[in-house]
Amino acid sequence: MALLLAGVIGIMVACSAYLLLRGESFPVVLGLTLLSYAANLFLFASGGLALGGAPIIGAPGAGEVDPLPQALVLTAIVIGFGMIAFVLALVLRARGDLGSDRISEGQGRE
Amino acid sequence: MEPGHHWLMLLAAAVLPFAAAPLALYLARWRRGLVAWFAGGVGVVVFTALLTLAPAVVGGASVALDWPWMPSLGLEFSLRLNGLSLLFALLVVGIGLLIFVYTHYYLPADKPAARLYALLLLFMGSMLGIVLSGNLLLLLMFWELTSVSSFLLIGFETARPEARQAARTALIITAGGGLALLAGILMLGQMAGGYSVEQVLGAREVIQAHPLYVPALVLTLLGAFTKSGQVPFHFWLPEAMVAPTPVSAYLHSAAMVKAGVYLLALLFPVLSGTAWWFYLVVGTGLTTLLFAAYIALFKHDLKGLLAYSTVSHLGLVTLLLGFGTPLGAVAGIFHVINHAIFKASLFMAAGIIDHEAGTRDMRILNGLWRFMPYTATLAMISAAAMAGVPLFNGFLSKEMFFAETVHQQWLGALNWLLPLAATAAGAFAVAYSVRFIHDVFFNGSGEHLPKRPHEPPLWMKAPVGVLSTLCLVVGIFPEATVAPLLKGAVQAVLQAPPPEYSLRVWHGFTLPMTMSVLAMAGGVLIYAVRHRLFALHDLYLPEYSATGLFRRGTALLLAGAGAFTRTLDNGALHRYVAALLVTALVLGGSPILDGLVLTFPSLEEVGAGAGVTALLVASGALATAAMHRHRLVAVVALSLVGLGVVLAFAGLSAPDLALTQMAVEIVTTVLFLLVLYFLPQRTAVRASLRRRGLDAGLSLGVGAVAAVLAWEMLNQNGGSGLSDYFRAQSLPASGAENVVNAILVDFRGFDTLGEITVLAVAATATYAALYGLRLNLARADERGRSWSADPHPLVLAMTTRPLLPLAMMVAVYLFLRGHHLPGGGFVAGVITSAALILQYLASGVGWTRQRLRLEYFDVIGGGLLLAVLTGVGAMLGGLPFLTSGAAQLQVPGLGSVKLYSAMAFELGVFCVVVGTVVCILSWLGRLSLEQAGAVLPRQEAE
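Residues numbered from 1 in each chain as written. Chains lettered and ligands numbered in written order. Predicted model: local features only at pLDDT ≥ 70, side-chain atom pairs only at ≥ 80, totals over all residues.

### Side note on the overall build of chain B
To be explicit about the condition: Segments assigned H or I by DSSP are reported as helices when at least four residues long, segments assigned E as strands when at least two residues long, and all are numbered from the N terminus. In this setup the radius of gyration rests on C-alpha atoms only. A globule is expected at 2.2 Å times the number of residues raised to 0.38. In this scheme the burial state of a residue depends on its C-beta neighbours within 10 Å: 20 or more other such atoms mean buried, 12 or fewer mean exposed, and anything in between means partly exposed; the C-beta positions come from the backbone.
Helix and strand content of chain B: 38 helices and 4 strands. Against the 2.2 N^0.38 benchmark of 30 Å for 942 residues, chain B shows a C-alpha radius of gyration of 37 Å, more extended than a compact globule. Oriented by its inertia axes, the alpha-carbon framework of chain B measures out at about 110 × 65 × 60 Å. Classification of the 942 residues of chain B by burial places 49% in the buried group.

### Description of the overall build of chain A
Looking only at helices and strands, one finds 3 helices and 0 strands in chain A. The order of α-helices and β-strands along chain A, N terminus first, is α-α-α. Whereas a compact globule of 110 residues would reach a radius of gyration of roughly 13 Å, chain A reaches 18 Å, over 25% beyond that. Taking the principal axes of the C-alpha coordinates as reference, chain A spans close to 60 × 25 × 15 Å. Here chain A holds 110 residues, and the buried ones make up 64% of them.

### Quick look at the nonpolar core
Burial of nonpolar side chains together is a common tendency in soluble globular proteins. Note the following rule: As used here, a nonpolar core is made of buried Ala, Val, Leu, Ile, Met, Phe, Trp, Tyr and Cys residues. They are joined through C-beta atoms within 7 Å. With C-beta atoms placed from the backbone, a contact is any residue pair whose C-beta atoms sit within 7 Å.
With 214 residues, the main nonpolar core has Ala24(B), Ala39(B), Val92(B), Tyr117(B), Leu120(B), Leu121(B) and Ile154(B) as its most contacted residues. Tallying contributions element by element places helix H16 (residues 326-357) of chain B first for this core, with 19 residues. Those residues in contact with Ile154(B) that lie beyond four places of it in its chain are Ala163(B), Ala166(B), Ala167(B), Ala170(B), Ala240(B), Val242(B) and Ala243(B). One finds Phe26(A), Phe726(B), Leu838(B) and Leu921(B) within the second-largest nonpolar core, a separate group that totals 142 residues.

### Things to note about the packing of helix H3 (residues 83-106) of chain B against H16(B)
All names here are of chain B. Rules: Orientation is described by axes fitted as lines to C-alpha atoms, over the contacting stretch for helices, and by angles from 0 to 180 degrees between their N-to-C directions. If an angle is under 35 degrees, it is roughly parallel; if it is over 145, roughly antiparallel; if it lies from 65 to 115, roughly perpendicular; otherwise it is oblique. Note on residue categories: nonpolar means Ala, Val, Leu, Ile, Met, Phe, Trp, Tyr, Cys or Pro, charged means Asp, Glu, Lys or Arg, and polar means any other residue, Gly included.
Running from N to C, H3 and H16 cross one another at 10 degrees; their axes reach a closest spacing of 11 Å. Here H3 lies roughly parallel to H16, going by the angle between them. Of the residues in H16, those touching H3 at Leu87, Leu91, Ile95, Tyr102 and Tyr106 are Ile337, Ala340, Ala344, Met348, Gly351 and His355. Residues belonging to the contact of H3 with H16 are distributed by class as follows: 9 nonpolar, 2 polar and no charged.

### Quick notes on helix H21 (residues 483-494) of chain B
Residues and elements named next belong to chain B. For clarity, the threshold we go by: In a helix, the anticipated span is given by 1.5 Å times the number of residues less one.
For H21, which comprises 12 residues, the first-to-last C-alpha distance of 16 Å matches the rise-based estimate of 16 Å (1.5 Å per residue) to within 8%. Of the residues making up H21, those classed as buried are Leu485, Leu486, Gly488, Ala489, Val490, Ala492 and Val493. Phi turns positive one or two residues past the end of H21, at Gln495, with a value near 55 degrees.

### Quick look at the interface of chain B and chain A
Tallying the contact residues gives 94 residues for chain B and 83 residues for chain A. Looking at the side of chain B that touches chain A element by element, the count peaks at 15 residues for helix H29 (residues 689-716) of chain B. When its residues are assigned to classes, the side of chain B that touches chain A shows 61 nonpolar, 24 polar and 9 charged.

### Some points on the confidence of the model for chain A
In plain terms, the rule: As a per-residue quantity, pLDDT reports the predictor's confidence and falls between 0 and 100.
Across chain A, the average pLDDT comes to 85, with 94% of residues at 70 or higher. Contacts from residues 106-110 of chain A, a stretch scored under 50 in pLDDT, to residues over four places away or in other chains number 7 contacts.

### Quick look at the pairing of strand E2 (residues 75-81) of chain B
Residues and elements named next belong to chain B. To keep things clear, this is the line we draw: Any two strands with at least two DSSP-identified bridges between them are counted as paired.
Along E2, 5 of the 7 residues are buried, which leaves the element largely enclosed by surrounding structure. Direction of pairing for strand E1 (residues 63-70) relative to E2: antiparallel, over a ladder of 7 bridges. Its bridge partner lying in E2, Val63 is registered against Leu81. Hairpin connection between E1 and E2: a loop of 4 residues separates the two successive antiparallel strands, and Gly74 in this loop has a positive phi of roughly 80 degrees.

### Focus on unusual backbone geometry
Residues and elements named next belong to chain B. Pro232 follows Val231 through a cis peptide bond whose omega is 5 degrees. The phi dihedral of Gln495 is positive, around 55 degrees, even though this residue is not glycine. Within the secondary structure, Gln495 is located in the loop between H21 and helix H22 (511-528). Here the phi dihedral of Ser653 falls at roughly 65 degrees; this positive angle occurs in a residue that is not glycine. Mapping Ser653 onto the fold places it in the loop between helix H27 (631-651) and helix H28 (655-676). Here Ser653 falls in the buried class, since 27 other C-beta atoms lie within 10 Å of it.

### A word on the packing of helix H14 (residues 275-297) of chain B against helix H15 (residues 302-323) of chain B
Residue and element names in this part refer to chain B. Threshold: By convention the crossing between two helices is left-handed if the near helix lies anticlockwise of the far one by an angle smaller than a right angle, and right-handed if it lies clockwise.
It is at 7 Å that the axes of H14 and H15 come closest, and there the two elements cross at 155 degrees. Between H14 and H15, the crossing angle belongs to the class labelled roughly antiparallel. Considering how the two elements wind past one another, H14 and H15 form a crossing that is left-handed.

### Quick notes on the environment of Leu722(B)
Looking at the element boundaries, Leu722(B) is found in the loop between H29 and helix H30 (723-734). Sequence separation between Leu722(B) and Asp66(B) is 656 residues, and the spatial gap between their C-alpha atoms is 36 Å.

### Regarding the confidence of the model for chain B
Residue and element names in this part refer to chain B. When the pLDDT values of chain B are averaged, the result is 88; 93% of them are 70 or greater. Counting interchain partners and residues more than four positions distant, the pLDDT-below-50 stretch residues 934-942 has 10 contacts. This complex was scored by the predictor with a pTM of 0.73 and an ipTM of 0.94.

### With respect to the environment of Leu458(B)
Examined against the element boundaries, Leu458(B) turns out to sit in helix H20 (residues 458-476). Sequence-wise, Leu458(B) and Pro793(B) are 335 residues apart; in three dimensions their C-alpha atoms are separated by 87 Å.

### Some remarks on H3(B)
Taking 1.5 Å per residue as the helical rise, H3(B) with its 24 residues ought to reach 34 Å, and the 34 Å between its terminal C-alpha atoms agrees with that figure. Burial analysis of H3(B) places 22 of its 24 residues in the buried class, the great majority of the element.

### What to know about the environment of Met12(A)
With respect to the helices, strands and loops of the structure, Met12(A) is situated in helix H1 (residues 2-20). Note: C-alpha distance between Met12(A) and Leu35(A) (23 residues apart in sequence) is 6.9 Å. Excluding its chain neighbours within four sequence positions, the residues that come into contact with Met12(A) are Leu34(A), Tyr37(A), Ala38(A), Val617(B) and Ala621(B).

Right, here's the structure in full:
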């Protein structure tokens, strides 16, 4: 199970890195979103993996579940949305003001 | 006054100038003349407060005030008034008061008096803060405030480029020194085990034996030397003379430049007495004393002469403190008093001369005696004090200085050098003092001046008169005037009873007396041959310029920084991202190469569910990357990843996360689709194959490192170590069965508060980025099929409306149960937003806003306020910020209901989330409406 999760995180990070290196704004935002998924999973995994439990007092297997990373990731998910929204707003603004969504060499510096 | 109220007077003295500074700005709008009276009044009150405290302090007691501020950092708001601080405080406020009077007559009517007075008051407060601080960290804050107010005052005439230039130089030097001082103070505090002055002063042995003593000493001295204009940091001070003359007189001769000397005196008991102290401080002081005394003679500008003379006298005080002997300290402190008195007076006299004659150039000025005999007399008295003529105050401390140089034994066979150098410096001081008087007031008839001079108004002369009188009174009756103040200050510096010393004018024909006579004679001789010296100086010592060196240095630094930036920032995101990823690769990969052994156990049993989830996420991610040029497809693929993550959370015992991720997934997808509406459907340009290959290689590397790190982390599986605490305390401390929720709203509530603040900021920033945006909207898709003409299909509108109450019910349910079961403010907020957004999408922004009259920012702000107030409520009950409380309520019909204060906090979270999400999405939606030319209802126009 751990190997599987680690592999999946690796694939996500690799794909997001590739997207971040693209020359247009939209794929970069896709990459950023994918990266935040991967980061959340990574952070979540730092608490160890437990199957079929819940961090709720009295629930079966509650003693195995680490609640702290979960709390951290929960807010990270919502903040991630805020961040993506802001970056997308910037993408729109850049397109509106510069007339293009290219962000590679020769763009942005007039 | 009762001794018990002393601290109140002390606090008033420290705070009043700060409170008065902004008021001065307002008063001046009313009437210009008023502001001088006001500032003067403040000065009088503070001076009186200090005087009432003086008797007790001079008697050896000290007045103290201690308020904890950030105890964990060792920072306290603590004020101390002992002999040393009393002396400096009286100088700062007393001379400040005279400056306030002088300024009123000095400043032309077209200059902003209010700003000048406000800044002077600000400076007075900061300087008082330095000398009254009982905590070194607090001292440092005031220290930086003096640098800032000095910057603003030097650049007072903002329209003049040289004023701005000089202000920048002064700020760079003094604030740079402040940084060094910060490091020095931190080291001293660490060694002493605390930052209060008492603690540090009590730790002499520990600090001097510490291996880091020398670095700490050097850093602290850097702070003091830059502030007090010691060579080689002196050049900012003459440059600062572009400031209005009252500023030069106050900050750059009497007060601020004394801050460095004050620091040396304050830390004298801890730092002095070692070889390092002696060589560093004496070396710097001696160089400064000689060098600046020499240069002063060659300055043709009156203020330039006085500036270098100031540097030289500061060097003298530094030198005296460097000796590390009790008598050296006495002489140094005595000279601080004398110098402040005669130099402020001379600066003000120079200001009068400039004002009346229209120039400060001694090559043009002459014969002013005929026009302004009173001013001339006053200036002569002060200049005599500067030269060290008997019966004037400067003489007394200079004699003590000469006597001290004779007694030094540190230099061994070269001991005779010190008295020689002291006499030479004394001769130059006499020479430039004579020049100041003779060149300006005599030496010609005063016919060809730019203006016809006459005596200035009485009240412009009065401050000069007060100080000149003091020069004489202190010079003739030292025992009756400064003796008690000096004794109190010396006691505080030495932390011991003062040594035997005599303030008498006449000690008989001693060696110091001989040195004085030699210096006088030498000085007059130097002045007599000055024209030949000027010629030699110009010939062999071409325009000496530490300033030029500094400018070239800063220019080089800026050019280097520019080149570095241009290399890194070529305008393309690609380069930054690549740099970041390579860094991550190196940092993350190095432990792997560093011999981290990977363990590969036999493949474990993996359930079918887990396998499918992993497959979903991995293929979704790969599809997103592969199809990114078909943007809509990529968004769909990305949402597959999100869905997979939801499943992963659900399977791995994180129901709260699964719920939240699910809800956020919905709004994220809506967000992407809305944005995609304004962007091209495809990415037209394709990077070269080589570039794509390189990118892919780098990405694979980064992915591999991430996978290895994740794998290692999972194998170690230490958990956070805090979990047991949270699990055990959740029910008793927070009353929550859902531990994640307890952490969010109670244990780590402060974090959550920070996070919802971030959300609010994101909403604001998004709003700002989209406000007034105009975009060209595509009317058709890439194949030329036009978009649907009907933006709000009836079927969609009709089916979504009943969904709203249902969704709200789910949200309320999740909200209420959050404390015990998966749910809570975050997820309820996102679900509510999703339901609301659906209405916007299906029925239109106009329709929805007519029915939902809600200002997003009111909701966000209200939510934040509610969350903060909940936390403050706990504080009112004497508990730490955001401690959760519970109350049992009997509600008719429902029976007993337990209410948690955390629920109010959760409601705040809920409001912020709803406000943020709806604000962002509806603005995006509205953008499309505006583009489509739809007429918005009136309230939309805002």
